[in-house]
Amino acid sequence: MAFLADALSRVKPSATIAVSQKARELKAKGRDVIGLGAGEPDFDTPDNIKKAAIDAINRGETKYTPVSGIPELREAIAKKFKRENNLDYTAAQTIVGTGGKQILFNAFMATMNPGDEVVIPAPYWVSYPEMVALCGGTPVFVAATQENNFKLTPADLEKAITPKTKWFVFNSPSNPSGAAYTHAELKGLTDVLLKHPHVWILTDDMYEHLTYGDFKFATPVEVEPKLYDRTLTMNGVSKAYAMTGWRIGYAAGPLALIKAMDMIQGQQTSGACSIAQWAAVEALNGTQDFIPENKKIFEGRRDLVVSMLNQAKGIECPSPEGAFYVYPSCKGLIGKTAPSGKVIETDEDFVSELLESEGVAVVHGSAFGLGPNFRISYATSEELLEEACKRIQRFCAACK
């Protein structure tokens, strides 16, 4: 009898975490490595949020919390959805988890049966299909190609839905592509979903506040209120508030689903960190003045990276609407010989040779389900980004 669970054979380690770990290991050995793999803002958590956490400690807010979150945070979440997304939820329709990952995992765990299908546009965040597989479901991938600006078309969504489809997972702005859907583009997708009442929508809005230019963010149930009773809208404080390590994600949706997720979480972690929850209350209720300032910095970084990558031989880099990633194609390098003498046959070969040759760590696109591309996180300084792009240009020029 095998000791390890069969479910482990259905999943792979996180490629983004693996790249970051490899970069750390090489740095520890003395290599000059620029790590562009992690999806983590380089900004510090704002002072008002840190102070709220310190105040909570001094008040003795260090005990177990209710499983679904402290009442103050659940109220703040309900107010946030009304204020920013025009969505009406009661505090009882919200839930707080240890990061967005736990929210997503608990939703799948609470609803998935063997044979259930989950439609996931590719490129996708690496954890979506692995979570589905761990929970006994079947991920169904639909290509959102570079020709379509990495956005899923209504026709392709329609083709992917079957009687076994339980969830449609939607992420805008997208990790890894940065693509964000306009109101009109969302309406095309929600019109399809209205025709299939057995399909639930799980929307990951984690990068909501990181859109550029005059782009206006919208979330699916805001565009089509008739989907309210079968949509779970997930968000968190990690990206916009530079609070990745605080581990607070949250969601709102139909009460029956929230109660089921609460039951799962009650047997899993009980609840998120009490101090982090009080910090998140301040994040949602306090000043939002730093968000536009950070957005402007990210937008400048995006423009720098897109410009420099498009000057690299064999690279084509679209300019995304949001998040802090670019997802360039390395198609022009496939079949070329790297400086090491190795022929680049895949995007994974490309990123491996780039790391060995120039010390730039990026993530191969096939890990996100669509290649030959690679993902760069530009959540680091312009100085490092400029140097990394120079190294990429040099590497590409050296490939013959």
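For the structure itself, consult the block above.
Residues numbered from 1 in each chain as written. Predicted model: local features only at pLDDT ≥ 70, side-chain atom pairs only at ≥ 80, totals over all residues. Heavy atoms only, no water.

A. Summary view of the pattern of salt bridges. Applying the stated criterion across every chain yields a total of 24 salt bridges. The residue Arg 301 makes a salt bridge to Asp 42 at a minimum N-O spacing of 2.9 Å. Taken as a pair, Arg 301 in helix H11 (residues 290-309) and Asp 42 in the loop between strand E1 (34-35) and helix H2 (47-58) lie far apart in primary sequence, 259 residues in all. Residue Arg 301 is classed as buried on the basis of its relative accessible area of 5%. When its relative accessible area of 38% is taken as the criterion, Asp 42 is described as partly exposed. Between Asp 116 and Lys 166 there is a salt bridge, with the nearest N and O atoms lying 2.9 Å from each other. In this pair, Asp 116 sits in the loop between helix H4 (99-111) and strand E3 (117-122) while Lys 166 sits in strand E5 (residues 165-171), placing the two residues 50 residues apart along the sequence. By sharing partners, the salt bridges in this structure join Lys 80, Arg 83, Glu 84 and Glu 208 into a single network. (Salt bridge = Lys/Arg side-chain N within 4 Å of Asp/Glu carboxyl O. Helix = DSSP H or I, 4+ residues; strand = E, 2+ residues; numbered from the N terminus. Buried < 20%, exposed > 50% of the residue type's maximum accessible area, 1.4 Å probe, protein only.)

B. Highlighting the packing of H2 against helix H10 (residues 274-285). Where H2 contacts H10, the axes come no closer than 8 Å and their chain directions differ by 140°. In terms of axis orientation, H2 runs oblique to H10. Helix-helix and strand crossings are classified by hand; for H2 and H10 the assignment is right-handed. Contacts between H2 and H10 pair Asn 48, Ile 49, Ala 52, Ala 53, Ala 56 and Ile 57 from the former with Ile 275, Trp 278, Ala 279, Glu 282 and Ala 283 from the latter. Here the residues of the contact of H2 with H10 sort into nine nonpolar, one polar and one charged. (Axes fitted to C-alpha atoms, helices over the stretch in contact; angles between N-to-C directions. Parallel < 35°, antiparallel > 145°, perpendicular 65-115°, else oblique. Left-handed = near helix turned anticlockwise from the far one by under 90°. Contact = heavy atoms within 4.5 Å. Nonpolar A, V, L, I, M, F, W, Y, C, P; charged D, E, K, R; others polar.)

C. The arrangement of the packing of helix H12 (residues 347-358) against helix H13 (residues 382-398) in detail. Contact geometry of H12 with H13 gives a least axis separation of 10 Å together with a crossing angle of 110°. Relative to H13, the element H12 is oriented roughly perpendicular. Two secondary-structure elements touch here, H12 through Phe 350, Glu 353, Leu 354, Ser 357 and Glu 358 and H13 through Arg 391, Ile 392, Arg 394, Phe 395 and Cys 396. Each residue belonging to the contact of H12 with H13 can be placed in one class, and the counts come to five nonpolar, one polar and four charged.

D. Representation of the pairing of E3. Counting buried positions over the six residues of E3 gives six, a clear majority of the element. Side-chain alternation along E3 places Glu 117, Val 119 and Pro 121 on one buried face and Val 118, Ile 120 and Ala 122 on a second face that is also buried. Alignment of E3 against strand E4 (residues 138-143), held across six bridges, turns out to be parallel. Note on E4: the bridge partner recorded for Pro 121 is Val 142. Regarding topology, helix H5 (residues 127-134) serves as the crossover connection from E3 to the parallel E4, and that connection is right-handed. Of the strand pairs in this sheet, E3 and E5 are connected by three bridges, and their pairing is parallel. (Pairing = 2+ DSSP bridges. Right-handed = clockwise from strand over helix to strand, strands pointing away.)

By themselves, these observations are geometric and do not establish any function.
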